[in-house]
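# Structure assessment
Residue-level listing of the chains:
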Amino acid sequence: MSLANGRPYVAIPGPSVMPDRVIQAMMRPAPNIYEGDIQDVTERIVPKLKQVAGTDDYVAIYICNGHGTWEACLTNCCSRGDRVLVLVTGRFGRIWGEVATRLGLEAMVMDFGKSDPANIDQVRSSLQKDPSIKAVLVCQTDTATSIRNDVEALGQVMKDLNHDALLMVDAMASMGCDRLDMDAWGVDVVIAGSQKGLMTPPGLGFVWFSKKAMAAYHKADLITPYWDWGPRANPNLFYEYFYGTAPTHHLYGLDVALDMLLEEGMDQVWIRHKRLSEIIWDKAETWGPIHEVRLNVADRAYRSHSVTALSMPSPKADQLRHMAEHEYGVTLGIGLGMAEPGTPEAGGYFRIGHMGHVNAHMVMGVLAVIEDILPRLD
Ligand SMILES: *Cc1c(COP(=O)(O)O)cnc(C)c1O
């Protein structure tokens, strides 16, 4: 028998739960895109986006998902044949490196496995040996493994070495969830999308960039018309923000979502995510000895505050997800990049998304559902 009727809860690592205020802001007829309200909305979104990322420099907004921003940031800063250092701590970092290769860059991949963060000392020595490296690519949170890399420490290494490389951070899963102080930490490029910590439907991609990245842009030879961030960050005419029709309803939603983050205060937003994560870890660690549930990342310092990857003997994770969705109304995330799809191990992984518009009772509800199911799987 199913207990799933009622408000469904999609607890996957994006798209995340949308606040009612965001949904309501989007429920309106199409606006004029040549003048009026939509231009004001866009102009007030820009400073709020910068504030959320901790930068006074630039931001470009694209109509795209996260994959689009991977391409956007590389094409604006790099030239064919440039060498980039790709720090891989899961599937997302690996694909970003593949994007770099396909764009004609020389991607030097440092793979740190599926449970450990990027090793800062190894990165330091690679940078020391090679002054020609143009950019360092890292996911703050790799959503597949839920490893959280120490971006502040990487920024410090770049400063210590006074290296010319740009520090590029994929903050798709962490923006609005984990602390990120772009300017203070010396990060040159940050990418994110609308559908995770920013609580808006999928469809907007953001690239924040520093003055150093802007200088690199003036020498880059991979720039294409659509991805060109110059006019988007400094438009003379409104249509240049989006190189075409504005993503009207997404902008209305995003405007409110950013207000909600700033009303709460970024420090408080980050503390809320950290505290909710600790509630999840505390509980999941008690399941381990009884139900063979394992958190993917052992050290709390390197666990994401927006997504938690777990494993259990296959196919129990698949069964758990299926029962949670169909009997309890909670959708959990699938394992990603942990085992080859179709192999016997593939049914042994799941993830809990806890990013964006989440509070204690939502997270505790997910935990209680899992706890109710676990003995039924033994
Ligand atoms: C979600 C995600 C992406 C990809 O975003 P899409 O919108 O699915 O293209 C990239 N990197 C990270 C770290 C992510 O979490």
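The preceding data block contains the structure.
Our subject in this report is the structure included herewith. (Residues numbered from 1 in each chain as written. Predicted model: local features only at pLDDT ≥ 70, side-chain atom pairs only at ≥ 80, totals over all residues. Heavy atoms only, no water.)

## A look at helix 4 (residues 91–102)
As a reminder, the rule being used: Per the convention used, a helix needs a DSSP run of H or I reaching at least four residues, while a strand needs a run of E reaching at least two, with both numbered from the N terminus. Expected span of a helix, by definition, is 1.5 Å for each gap between consecutive residues, and there is one gap fewer than residues. Only protein chains enter the accessibility calculation, which uses a 1.4 Å probe. A residue is then buried if its area is under 20% of the maximum for its type, exposed if over 50%, and partly exposed in between.
The first and last C-alpha atoms of helix 4 sit 17 Å apart over 12 residues, in line with the 16 Å expected at 1.5 Å per residue. Of the residues making up helix 4, those classed as buried are F92, G93, I95, W96, G97, V99 and A100. Looking one or two places after helix 4, you find G104, whose phi comes out positive at around 90 degrees.

## Looking at unusual backbone geometry
Residues G14 and P15 are joined by a peptide bond in cis, for which omega reads 0 degrees. Tracing the backbone shows P15 in the loop between strand 1 (9–11) and helix 1 (20–26). Backbone geometry places S146, a non-glycine residue, at a positive phi of 65 degrees. Topologically, S146 is positioned in the loop between strand 6 (141–142) and strand 7 (147–148). Positive phi values are uncommon outside glycine, yet N162 reaches one of about 50 degrees. Residue N162 is classed as exposed on the basis of its relative accessible area of 65%.

## Examining the site of the ligand
The following threshold applies: Proximity criterion: a residue is near a molecule or strand once any of its heavy atoms comes within 4 Å of it. Here a polar contact is recorded for every N or O atom pair within 3.5 Å, except that within protein the pair must consist of a potential hydrogen donor and a potential acceptor, and residues adjacent in sequence are included only if both atoms are side-chain atoms. Each accessible area value is a Shrake-Rupley result obtained with a 1.4 Å probe; residue values ignore everything except the protein chains displayed when judging cover.
N65, G66, H67, W70, F92, T141, T143, D170, M172, A173, Q195 and K196 make up every residue found near the ligand. Contact between the ligand and T143: an oxygen atom at 2.3 Å from a side-chain N or O atom of the residue. Contacts to the ligand include D170, whose side-chain N or O atom sits 2.7 Å from a nitrogen atom. The protein chains hide 90% of the 380 Å² of surface that the ligand would expose on its own. In terms of residue count, helix 3 (residues 66–77) provides more of the shell around the ligand than any other element does, three residues in total.

## Comments concerning the sheet that holds strand 2 (residues 58–63)
Consider a sheet: its strands pair through backbone hydrogen bonds, and that pairing is either parallel or antiparallel. Basically, it comes down to this: When DSSP finds at least two bridges between two strands, those strands are taken to pair. Helix axes use the C-alpha atoms of the stretch in contact, all axes being lines fitted to C-alpha atoms, and the angles between their N-to-C directions lie in the range 0 to 180 degrees. Throughout, a contact is declared for two residues whenever any of their heavy atoms are within 4.5 Å.
If you walk across this open sheet you meet the seven strands as 2-10-9-8-5-3-4, and the pairing is mixed. Each edge of the open sheet is held by one strand with a lone partner, namely strand 2 and strand 4 (106–111). For this sheet the average axis-to-axis angle between neighbouring strands, irrespective of direction, equals 20 degrees. Sheet topology places strand 9 (residues 189–193) next to strand 10 (residues 204–209); five bridges connect them, and they run antiparallel. Each residue of the ladder has a partner; that of I191, found in strand 10, is V207. Here helix 3 sits on the sheet in contact with strand 2, strand 5 (135–139), strand 8 (166–170), strand 9 and strand 10, set at roughly 155 degrees to strand 9. The strands touched by helix 6 (residues 151–161) are strand 3 (83–88), strand 5 and strand 8; relative to strand 8, the strand with the most contacts, the crossing angle is about 170 degrees.

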